[in-house]
Number of protein chains: 2
Amino acid sequence: MPQARPAAVPADGLTTRQRRNRALLMVHTGDGKGKSTAAFGLALRAWNQGWPVGVFQFVKSAKWRIGEQSALAALDAVTVEQGGEARIEWHKMGSGWSWSRKAGTETDHAAEAAEGWAEIKRRLAAGTHRLYVLDEFTYPMSWGWVDVDDVVATLAARAQGQHVVVTGRNADPRLLDAADLVTEMRKVKHPMDAGQKGQRGIEW
Amino acid sequence: MPQARPAAVPADGLTTRQRRNRALLMVHTGDGKGKSTAAFGLALRAWNQGWPVGVFQFVKSAKWRIGEQSALAALDAVTVEQGGEARIEWHKMGSGWSWSRKAGTETDHAAEAAEGWAEIKRRLAAGTHRLYVLDEFTYPMSWGWVDVDDVVATLAARAQGQHVVVTGRNADPRLLDAADLVTEMRKVKHPMDAGQKGQRGIEW
């Protein structure tokens with residue numbers, strides 16, 4: 001594949017290198033498959049670069065993403081075996097976030113989502129990770145569990161060097177406006193349309 | 001995310017379990033990002049299931065996919081350390097396929113692509129892998145380096161239990177017809193449009 005060239009060189013006062021290294025806000029949306037899978041693929045690249053990665057999974061099913069979670073944990077263990085520090089964190093809502101397991105929060109998903117976002121804000125302010133995977137984060141935005149304007153303003157003002165990828169259907173237009181890269185995963189054909197249910201190794 | 005239900009139950013004489021376990025032909029196409037990345041995410045799930053995986057990279061640049069290749073190699077090494085057998089193979093064209101480094105093939109890309117496809121056919125007949133990632137394979141199809149009808153007929157007749165994912169732009173309509181799952185990664189917005197070039201950790 002030939003290397004693509006920029007369509008235009010903007011008058012933003014930045015050198016090509018500065019512009020190239022500007023961290024990205026990425027959104028994977030649409031009704032098709034691959035939104036989260038591609039985000040976890042980015043986490044592979046981040047691991048290979050030695051970046052600290054934070055995954056924040058805004059879904060409730062423990063079954064989903066287990067393959068990716070196991071693989072990233074195994075890769076992180078490789079880093080530690082080689083004398084490095086663990087760099088990949090994986091946090092799930094649904095049974096209390098792993099950094100704060102409060103009893104009783106399991107049933108209040110709105111509060112739990114808000115708590116997840118509050119922690120992400122703290123980490124963005126502290127520059128904790130170099131890649132943030134906010135998996136299925138469009139849903140708590142759509143449902144009003146987190147404030148979209150707050151999300152957009154926080155992401156726009158985040159400290160440099162922090163890439164963020166948000167996945168999920170029906171991404172808010174304000175998020176799309178703020179994003180550097182937006183891909184719509186569009187369903188053209190899905191086996192479920194032909195009566196085939198999800199299967200091991202493919203869906204999880 | 002609630003578990004989706006099939007839209008219709010087909011009259012194909014299969015039980016739900018049989019239908020569920022039918023291996024899939026998947027295509028990731030479109031002009032957006034994430035086609036290959038999502039395919040390598042599937043390879044993570046396959047690794048977690050202990051499946052033998054074959055990656056066949058129909059591109060010429062050594063830089064691309066290095067993060068995914070390193071990560072999958074590290075995961076395969078974890079399997080071996082745990083007493084298992086190496087199960088992930090990664091083959092690239094561009095400097096001779098790794099199973100057959102013939103001198104002089106570097107410059108004849110059409111012949112090299114055809115040789116790659118011939119090997120994949122042999123492996124499909126032998127049931128070598130449980131997941132085949134045919135990365136950027138739409139291009140040799142578009143360019144006439146491999147015969148599309150042969151590809152479609154071979155994939156349709158492949159032995160059961162072998163998932164195949166094909167990535168690349170402009171997938172041939174015959175391939176789309178034959179596929180069980182097609183996702184179009186559609187570019188909504190890309191940093192290159194704003195003059196930003198690809199960067200380490202994101203593009204490779």
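Residues numbered from 1 in each chain as written. Chains lettered and ligands numbered in written order. Predicted model: local features only at pLDDT ≥ 70, side-chain atom pairs only at ≥ 80, totals over all residues.

**Regarding the overall build of chain A**
Working step 1: Helix and strand counts for chain A stand at seven helices and six strands.
Working step 2: Each helix and strand of chain A, placed in order from N terminus to C terminus, yields the pattern α-β-α-β-α-β-α-β-α-α-β-α-β.
Working step 3: For chain A, with 204 residues in total, the buried portion stands at 40%.
Working step 4: In chain A, of all internal contacts separated by at least 6 residues, the share reaching a separation of at least 24 is 77%. (Helix = DSSP H or I, 4+ residues; strand = E, 2+ residues; numbered from the N terminus. Buried ≥ 20, exposed ≤ 12 C-beta atoms within 10 Å, placed from the backbone. Contact = placed C-beta atoms within 7 Å.)

**Let's talk about the interface of chain A and chain B**
Interfaces are frequently sized by the accessible area removed from exposure as the parts join.
Working step 1: Each side of the interface is counted separately: chain A has 67 residues, and chain B has 67 residues.
Working step 2: Elements that contribute at least two residues to the side of chain A that touches chain B include exactly α1 (16-21), α2 (35-49), α3 (66-81) and β6 (181-189) of chain A.
Working step 3: In terms of residue count, α2 of chain A provides more of the side of chain A that touches chain B than any other element does, 11 residues in total.
Working step 4: Here the residues of the side of chain A that touches chain B sort into 33 nonpolar, 19 polar and 15 charged.
Working step 5: Taken together, the seven bridges between β6 of chain A and strand β6 (residues 181-189) of chain B define a ladder with antiparallel strand orientation. Across the sheet, V182 of chain A pairs through a bridge with K189 of chain B, a residue of β6 of chain B. (Nonpolar A, V, L, I, M, F, W, Y, C, P; charged D, E, K, R; others polar. Pairing = 2+ DSSP bridges.)

**A look at the pairing of strand β2 (residues 53-57) of chain B**
Residue and element names in this part refer to chain B.
Working step 1: With five of five residues buried, β2 lies mostly within the body of the structure.
Working step 2: A two-sided burial pattern is seen for β2, the buried positions comprising V53, V55 and Q57 on one face and G54 and F56 on the other.
Working step 3: As defined by bridge partners, β2 adjoins strand β4 (residues 131-135) across five bridges and the pair is classed as parallel. Within the sheet, the bridge partner assigned to Q57 lies in β4 and is D135.

**Structural notes on the relation of the copies chain A and chain B**
Working step 1: Mapping chain A onto chain B leaves a residual RMSD of 0.0 Å; the transformation is a rotation of 180° accompanied by 0.0 Å of translation along its axis. Classification of the inter-copy transformation places it as that of a two-fold axis. (Least-squares fit on C-alpha atoms with pLDDT ≥ 70 in both.)

**A look at the sheet that holds strand β1 (residues 25-29) of chain B**
Working step 1: As summarised here, the arrangement of the 12 strands in space is β3(A)-β2(A)-β4(A)-β5(A)-β1(A)-β6(A)-β6(B)-β1(B)-β5(B)-β4(B)-β2(B)-β3(B), forming an open sheet in which the pairing is mixed. Two strands bound the open sheet, and with one partner strand each, they are β3 (88-92) of chain A together with β3 (88-92) of chain B. Strand after strand, the sheet turns through a mean of 15° between neighbouring axes, direction not considered.
Working step 2: Along the sheet, helix α2 (residues 35-49) of chain B makes contact with β1, β2, β3, β4, β5 (163-167) and β6 of chain B, crossing β4 of chain B at roughly 160°. (Axes fitted to C-alpha atoms, helices over the stretch in contact; angles between N-to-C directions.)

**Observations regarding the nonpolar core**
Generally speaking, soluble globular proteins have nonpolar side chains that are buried together.
Working step 1: Core analysis: the largest hydrophobic core is formed by 87 residues, its most contacted members being A43 and V133 of chain A together with A43 and V133 of chain B.
Working step 2: With near-sequence residues (within four places) excluded, A43 of chain A lies in contact with V53, V55, L72, L131 and V133 of chain A. (Core = buried A, V, L, I, M, F, W, Y, C linked by C-beta atoms within 7 Å.)

**Description of helix α4 (residues 109-126) of chain B**
Residues and elements named next belong to chain B.
Working step 1: Spanning 18 residues, α4 covers 26 Å between terminal C-alpha atoms, matching the ideal 26 Å at 1.5 Å per step.
Working step 2: For α4, the full list of buried residues reads E112, A113, G116, W117 and I120. Projection of α4 onto a plane perpendicular to its axis shows the buried side chains occupying an angular sector of 135°, all on one side. Away from its buried face by more than 90 degrees, α4 exposes A110, A118, R122, A125 and A126.
Working step 3: Looking at the buried positions of α4, the neighbouring elements they touch are β2, β4 and α5 (138-142).
Working step 4: G127, located one to two residues past α4, shows a positive phi value of around 65°. (Expected span 1.5 Å × (residues − 1). Arc of directions from axis to C-beta.)

**What to know about the confidence of the model for chain A**
Residues and elements named next belong to chain A.
Working step 1: Per-residue pLDDT for chain A has a mean of 87; in total, 85% of the residues score no lower than 70.
Working step 2: Per-element confidence in chain A ranges from a low mean pLDDT of 66 for α1 to a high of 98 for helix α6 (residues 148-156).
Working step 3: The ipTM for the predicted assembly is 0.77, set against a pTM of 0.83. (pLDDT = per-residue confidence, 0-100.)

**Description of the environment of T183 of chain B**
Working step 1: Relative to the assigned elements, T183 of chain B resides in strand β6.
Working step 2: For T183 of chain B, a count of 32 C-beta atoms within 10 Å corresponds to the buried category.
Working step 3: Sequence spacing of T183 of chain B and R158 of chain B is 25 residues, and the spatial spacing of their C-alpha atoms is 22 Å.
Working step 4: Contacts of T183 of chain B, omitting those with residues within four sequence positions, involve G32, K33, G34, M185, R186, K187 and V188 of chain A together with H28 of chain B.

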